[in-house]
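Okay, here's what each chain looks like letter by letter:
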Amino acid sequence: MKTIGVLTSGGDAPGMNAAIRAVVRTAIENNMHVLGIKNGYEGLMKGDVVEMNLRSVSNIINRGGTILHSARSEGFKTEAGQEKAAEMCKALGIEGLVIIGGDGSFRGAQDLSKRGIVCVGIPGTIDNDIACTDNTIGYDTATNTVMEMVDKVRDTTESHSRCSVIEVMGRDAGYIALYSGIAVGATIILVPEIPYDMEKDVIDVMKRTVATGKRHFVIILAEGCGDAPEMAKEIQEKTGIETRATILGHVQRGGSPTVRDRVLASRMGNYAARVLRYDDRSCIVAEHAGTIVDYPIDKALSMTKQLDIDVYRTAHEISI
Ligand code: ADP
Ligand code: F6P
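The rules behind the values
Residues numbered from 1 in each chain as written. Chains lettered and ligands numbered in written order. Predicted model: local features only at pLDDT ≥ 70, side-chain atom pairs only at ≥ 80, totals over all residues. Heavy atoms only, no water. Domains from an automatic or database assignment. Contact = heavy atoms within 4.5 Å. Salt bridge = Lys/Arg side-chain N within 4 Å of Asp/Glu carboxyl O. Near = heavy atom within 4 Å. Polar contact = N/O pair within 3.5 Å; in protein donor to acceptor, adjacent residues only side chain to side chain. Areas by Shrake-Rupley, 256 points an atom, 1.4 Å probe, with all protein chains shown as cover. Helix = DSSP H or I, 4+ residues; strand = E, 2+ residues; numbered from the N terminus. Buried < 20%, exposed > 50% of the residue type's maximum accessible area, 1.4 Å probe, protein only.

What follows covers the domain arrangement of the protein. Along its sequence, the protein is organised into domain 1 (3–138 + 257–302) and domain 2 (141–254). Counting residues at the interface gives 13 residues for domain 1, matched by 12 residues for domain 2. Connecting domain 1 to domain 2 are 2 salt bridges. Arg171 serves as the salt-bridge partner of Asp127, at 3.8 Å between the closest nitrogen and oxygen.

With respect to spatial proximity, 16 residues lie near ligand 1, and among them Arg72, Ser73, Gly102, Gly104 and Ser105 are the closest. One of the backbone nitrogen or oxygen atoms of Ser73 is found 2.6 Å away from an oxygen atom of ligand 1. A distance of 3.4 Å separates an oxygen atom of ligand 1 from a polar atom in the backbone of Asp103. Notes on ligand 1: free accessible area 550 Å², of which the protein chains cover 81%. No other element matches the 6 residues that helix 4 (residues 103–114) contributes to the shell around ligand 1.

Let us look at the pattern of salt bridges. All told, the structure shown has 16 salt bridges when counted by the stated rule. The partner of Lys233 in a salt bridge is Glu237, with the nearest N and O atoms 3.6 Å apart. With Lys233 and Glu237 both in helix 8 (residues 228–239) and 4 residues apart, this pair spans about one turn of that helix. Of the two residues, Lys233 and Glu237, both sit in the exposed class. Salt-bridge contacts for Asp279 lead to Arg281; the nearest nitrogen and oxygen are separated by 3.1 Å.

Further remarks concern unusual backbone geometry. Even without being glycine, Asn59 reaches a positive phi, approximately 55°. Of note, Asn59 is situated in the loop between strand 3 (49–52) and helix 3 (79–92). Here Asn59 falls in the exposed class, since its relative accessible area comes to 66%. In this structure, Arg171 takes a positive phi of about 55° despite not being glycine. Position of Arg171 among the secondary structure elements: in the loop between strand 6 (163–168) and helix 6 (175–184). Judged by its relative accessible area of 45%, Arg171 is partly exposed.

This is the structure we're talking about:
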């Protein structure tokens, strides 16, 4: 019987548990033996593993976080760390590995696959910044969380005729900001992919909107292109409108996954385990136009994707 391992790595994302569940159940149904590796690559180097069975993944499809825990491991980035991890796989009899994480985790997968461990990556990150896939696991839940939180901030922003600058996560990408910004009807959405001018794109827009009778403002700022407290101060000074900053922070990484994330994670987890069982090749699993596909790791890591400029234009035109 073939033995595989599964781990979660990098920033956690809602739906990672659903992916673990699908990997474990598919593997066992297809006569494989599964080890759960704790704390990502850090646990792999130490051999921190647990036997998984059909019941170890009961009642987790609805839970945020990851039952295997996640970590960012500096040690694994070194040649020595990768060698140690590959040796540990061999010692534990792990022939194939499912890695649920982001781009950084996939670079680790690329290194391990060169050391003879077959690695299948599953994109799990709230940022949606993985080029080879239309959607990453956790992104839908995070944008819905942002929408719910901003709806609440809007209530008080409106009552006090204020401006709220709300900073959302996304690292260097603006997906969370753009899509949640449209959903909450933000007046201004600022993303790293599209450079902005503070005077023209923020201050002037606010003044023009005041002239149409608007009394409160919601600005969604992606963390990759500004700092909410600084921006709030500048807006208040230049417009005279009382302005508050809200940094949503790690609330965006938690919570019960949405239907979309549970289904995406289940499909990707199932696909990944089947690749290890029947094809035995390293790759990254992805969603393309509603279908689950895969790419060789080198190709997946060399791909790029652009924020949809049409979506940005739509947001801009209907925000005033
Ligand atoms: P994510 O996977 O969400 O992008 P990180 O960038 O923090 O998150 O990467 C997760 C882990 O993957 C890192 O802590 C490290 O152990 C490993 N990793 C990241 N980059 C590399 C790399 N270039 N080579 C090998 N391992 C890497
Ligand atoms: O990659 C996910 C993410 O939540 C980013 O949006 C954010 O920039 C980063 O991780 C935060 O990392 P940490 O949990 O280490 O503060």
